Amino acid sequence: QIRFDPQNPTHYLDRALCLLYAGDEEAGFADVDAYAALVKDLEGVLAKLDWLALRLALVPHHDCRPELVLRLAEKMVDLAPDDQRSAKLRGLAHYRAGRWQEAMEVLEQATELGSHEMSQSLLLQAMVHHRLGHAKQARACYEEAMQHRAYENWTAKSPYNALLFETRALLQISMVEQ
């Protein structure tokens, strides 16, 4: 038996992920709202919404629901309009939906906003450039992402590793090159 504590924000976030995976968007986003209302630390809320959106976006492509990622990014914009993570997630959602030009515009905006995990935005830009047929720009974005990654806190369990592996596969970059 699973116990749900209505005063524990993490329970709302965990349930939101399950509900969104299961396709119950209304209940899932209600739990996202409940989580955000309980947590008073804006940075913490943004970090967890980023985590949630990445979980939804980095699943195998046939299971990805870009519209959910876009809704989470919009919720982040409502909370912090100038936060780079929401722009990155909007770019990721457009990329997953096959809207390459829209993805590039938003990802360039994310890079201009800077700060949080710059390498993620650059990896996404590399993939978009590749899809647009810009091989040199794709490789340049990948190389710059690797420079930024050296200063960011990526762990072995980081969801960003999936993004890195996907970028390497798309650009046909072997592990040996790194």
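Before reading on, note that the structure itself is shown above.
Residues numbered from 1 in each chain as written. Predicted model: local features only at pLDDT ≥ 70, side-chain atom pairs only at ≥ 80, totals over all residues. Heavy atoms only, no water.

A.B. asks: Explain the overall build of the protein to me, please; I cannot follow it from the model alone.
C.D. replies: For the protein, the count of helices and strands is 9 helices and 0 strands. Overall, the protein shows an N-to-C arrangement of helices and strands of α-α-α-α-α-α-α-α-α. The C-alpha radius of gyration of the protein comes to 16 Å, within 12% of the 16 Å expected for a compact globule of 178 residues. Each of the three principal axes of the protein carries a C-alpha extent, and together these read 50 × 30 × 30 Å. Per-residue burial for the protein yields a buried fraction of 48% across its 178 residues. Residue pairs at least 24 apart in sequence account for 58% of intrachain contacts in the protein once pairs closer than 6 positions are excluded. Surface exposure of the protein reaches about 9,400 Å², of which carbon and sulfur atoms provide 52%. Charge-centre separation for the protein: the mean point of 19 positive side chains lies 5 Å from the mean point of 26 negative side chains. (Helix = DSSP H or I, 4+ residues; strand = E, 2+ residues; numbered from the N terminus. Rg over C-alpha atoms; globule rule 2.2 N^0.38 Å. Buried < 20%, exposed > 50% of the residue type's maximum accessible area, 1.4 Å probe, protein only. Contact = heavy atoms within 4.5 Å. Areas by Shrake-Rupley, 256 points an atom, 1.4 Å probe, with all protein chains shown as cover. Lys, Arg positive; Asp, Glu negative; His and termini not counted. Charge placed at Lys NZ, Arg CZ, Asp CG, Glu CD.)

A.B. asks: Whenever I open this one, the nonpolar core confuses me. Can you help?
C.D. replies: Across soluble globular proteins, nonpolar side chains show a tendency to be buried alongside one another. Of all hydrophobic cores here, the largest spans 51 residues; its most connected members are Leu72, Leu89, Leu123 and Tyr142. Residue contributions to this core peak at 8 residues, all from helix H3 (residues 42-57). (Core = buried A, V, L, I, M, F, W, Y, C linked by side-chain atoms within 4.5 Å.)

A.B. asks: Quick question: what am I supposed to make of helix H1 (residues 9-22) here?
C.D. replies: Helical periodicity: at 3.6 residues per turn, an α-helix aligns residues three or four positions apart in one direction. The terminal C-alpha atoms of H1 lie 20 Å apart, and with 14 residues this matches the ideal 20 Å at 1.5 Å per residue to within 8%. Buried within H1 are the following residues: Pro9, Tyr12, Leu13, Ala16, Leu17 and Leu20. Considered in projection along H1, the buried side chains sweep an arc of 135° and stay on one side of the axis. Exposed and oriented more than 90 degrees from the buried face of H1 are Cys18 and Ala22. For H1, the secondary structure elements touched by its buried residues are helix H2 (25-38), H3 and helix H4 (66-79). The N-cap residue of H1 is Asn8: its side-chain oxygen and the backbone nitrogen of Thr10 are 2.9 Å apart. One or two residues past the end of H1 sits Gly23, with phi positive at roughly 95°. (Expected span 1.5 Å × (residues − 1). Arc of directions from axis to C-beta. Polar contact = N/O pair within 3.5 Å; in protein donor to acceptor, adjacent residues only side chain to side chain.)

A.B. asks: What exactly am I supposed to notice about the packing of helix H8 (residues 135-149) against helix H9 (residues 160-171) here?
C.D. replies: Any two packed helices are characterised by how steeply their axes cross, that is the angle between the axes, and by the distance between the axes. Relative to each other, H8 and H9 sit at 150°, their axes nearing to 11 Å. In this view, H8 runs roughly antiparallel relative to H9, as classed from their interaxial angle. With respect to the hand of their crossing, H8 and H9 are arranged in left-handed fashion. Contacts from Ala138, Arg139, Tyr142, Met146 and Arg149 in H8 reach Asn161, Leu164, Thr167, Arg168 and Leu171 in H9. (Axes fitted to C-alpha atoms, helices over the stretch in contact; angles between N-to-C directions. Parallel < 35°, antiparallel > 145°, perpendicular 65-115°, else oblique. Left-handed = near helix turned anticlockwise from the far one by under 90°.)

Shape descriptors only; they carry no functional weight alone.
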